[in-house]
Amino acid sequence: MIEGPKAMAYLPTGFAVPPYLPHEVGFAQGCREQVLRIQRCRDCGRFRHPPSPRCPHCRSAVCDWPAVAGGGEVYSYTIVRHAASEALRAALPYNVVVVLLDDTDGVRLVSNLIDAAPEMVRIGLRVRLDWERRGDLDLPCFRIDSQTEVHDERD
Ligand SMILES: [Zn+2]
């Protein structure tokens, strides 16, 4: 079988990515440096994502963008088996994961688990941050964190 786009990037690059908005610039700058920066309110100290102009807790417009380590666990996921775009057809089946990031007040990041076959993805799976270049963008993605993997007795 011919190696598809997965050999270079988890998802192909032939689909449009929306531009970053002004209030997302801290996240975007972090991505350019391959540093995961999550927006944090400077008045109440809470993290939030996706970025927003005002804090949903205290309505403050003042924020900073601290770097976070990027460890976390799969909060939810889906396995995509039908391409929403022709450009994604070659990547099927692929996962979309919601990662609950450690030490961020419950921030969840939508991404991909790039080293997991569909049957390996499960809720609670420990993951670690990695980066993947798609077109001219560096985007956060995740890999299974086998170092901190713990087996849940409920399985
Ligand atoms: Zn706040």
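Residues take numbers from 1 onward in each chain, read along the sequence in its written order. In view of the model being predicted, local features appear only for residues whose pLDDT reaches at least 70, and side-chain atom pairs are presented and counted only at 80 or more, with totals across whole chains, interfaces and linings using the full set of residues.

## A closer look at the overall build of the protein
Counting from the N terminus, the helices are DSSP H or I runs at least four residues long and the strands are E runs at least two residues long. Along the protein, the regular secondary structure elements total 1 helix and 8 strands. For the protein, the N- to C-terminal ordering of α and β elements is α-β-β-β-β-β-β-β-β. Three exposure classes are used, based on other C-beta atoms lying within 10 Å of a residue's own C-beta, which is placed from the backbone: buried for 20 or more, exposed for 12 or fewer, and partly exposed in between. With 155 residues in all, the protein has 21% of them scored as buried. Sequence separation of 24 or more characterises 54% of the internal contacts of the protein that already satisfy a separation of 6 or more. Note that contacts rest on C-beta atoms placed from the backbone: two residues are in contact if these are within 7 Å.

## Observations regarding the pairing of strand β8 (residues 137–144)
As paired elements, strand β7 (residues 126–134) and β8 share 8 bridges and run antiparallel to each other. Considered in β8, the bridge of Leu-129 is made with Phe-142. Pairing between two strands requires that DSSP report at least two bridges joining them. Hairpin connection, β7 to β8: the antiparallel pair is bridged by 2 residues, and Gly-135 has positive phi, about 65 degrees.

## Considerations on the nonpolar core
Val-74, Val-97, Val-99, Leu-101, Val-127 and Phe-142 are the most contacted members of the largest nonpolar core, which totals 15 residues. For this core, the secondary structure elements donating two or more residues are β5 (94–101), β7 and β8. Ranked by residues supplied to this core, first place goes to β5 with 3 residues. Setting aside residues no more than four positions away along its own chain, Phe-142 makes contact with Val-97, Val-99, Ser-111, Leu-113, Val-127, Arg-128, Leu-129 and Asp-130. Structurally, a nonpolar core is described as a collection of buried Ala, Val, Leu, Ile, Met, Phe, Trp, Tyr and Cys residues joined by way of C-beta atoms within 7 Å.

## Digging into the environment of Ala-90
Relative to the helices and strands, Ala-90 resides in the loop between β4 (72–80) and β5. In this structure Ala-90 comes out as partly exposed when scored by C-beta crowding, with 15 C-beta atoms within 10 Å. Each C-alpha atom of the pair Ala-90 and Leu-11 lies 8.5 Å from the other, and the pair is 79 residues apart in sequence.

## Quick notes on the sheet that holds strand β3 (residues 63–64)
In space, the 3 strands of this open sheet follow the order β2-β1-β3, with antiparallel pairing throughout. With partners counted over all chains shown, the strands left at the sheet margins are β2 (47–48) and β3, one partner each.

## Some thoughts on the confidence of the model for the protein
Every residue carries a pLDDT, the predictor's confidence in it, which falls somewhere between 0 and 100. Per-residue confidence for the protein averages 89 on the pLDDT scale, and 90% of its residues sit at or above 70. Across residues 1–6, where pLDDT falls below 50, the model places 5 contacts with residues more than four positions away in sequence or in other chains.

## Focus on the pairing of strand β6 (residues 108–111)
The alternating pattern of β6 places Leu-109 and Ser-111 on a buried face, while none of Arg-108 and Val-110, on the opposite face, is buried. Examined bridge by bridge, β5 and β6 share 4 bridges and lie antiparallel to one another. Paired with Val-98 across the bridge in β6 is Val-110. Taking the residues that link successive antiparallel strands as the turn, the β5-β6 hairpin has 6 residues, and the phi of Asp-103 there is positive, at about 60 degrees.

## Let's talk about unusual backbone geometry
Looking along the chain, the bond that leaves His-49 and enters Pro-50 is cis, with omega of 0 degrees. When you line up the elements, Pro-50 lands in the loop between β2 and β3. Across the junction of Leu-92 and Pro-93, the peptide omega takes the value -15 degrees, indicating a cis bond. Here Pro-93 is to be found in the loop between β4 and β5. Even without a glycine there, the phi angle at Gln-34 is positive, about 55 degrees. Following the sequence through the fold, Gln-34 ends up in the loop between α1 (25–32) and β1 (39–41). Given 14 C-beta atoms within 10 Å, Gln-34 falls into the partly exposed group. The phi torsion at Asp-103 lies on the positive side, around 60 degrees, for a residue other than glycine. Residue Asp-103 is classed as exposed on the basis of its C-beta count, with 12 C-beta atoms lying within 10 Å.

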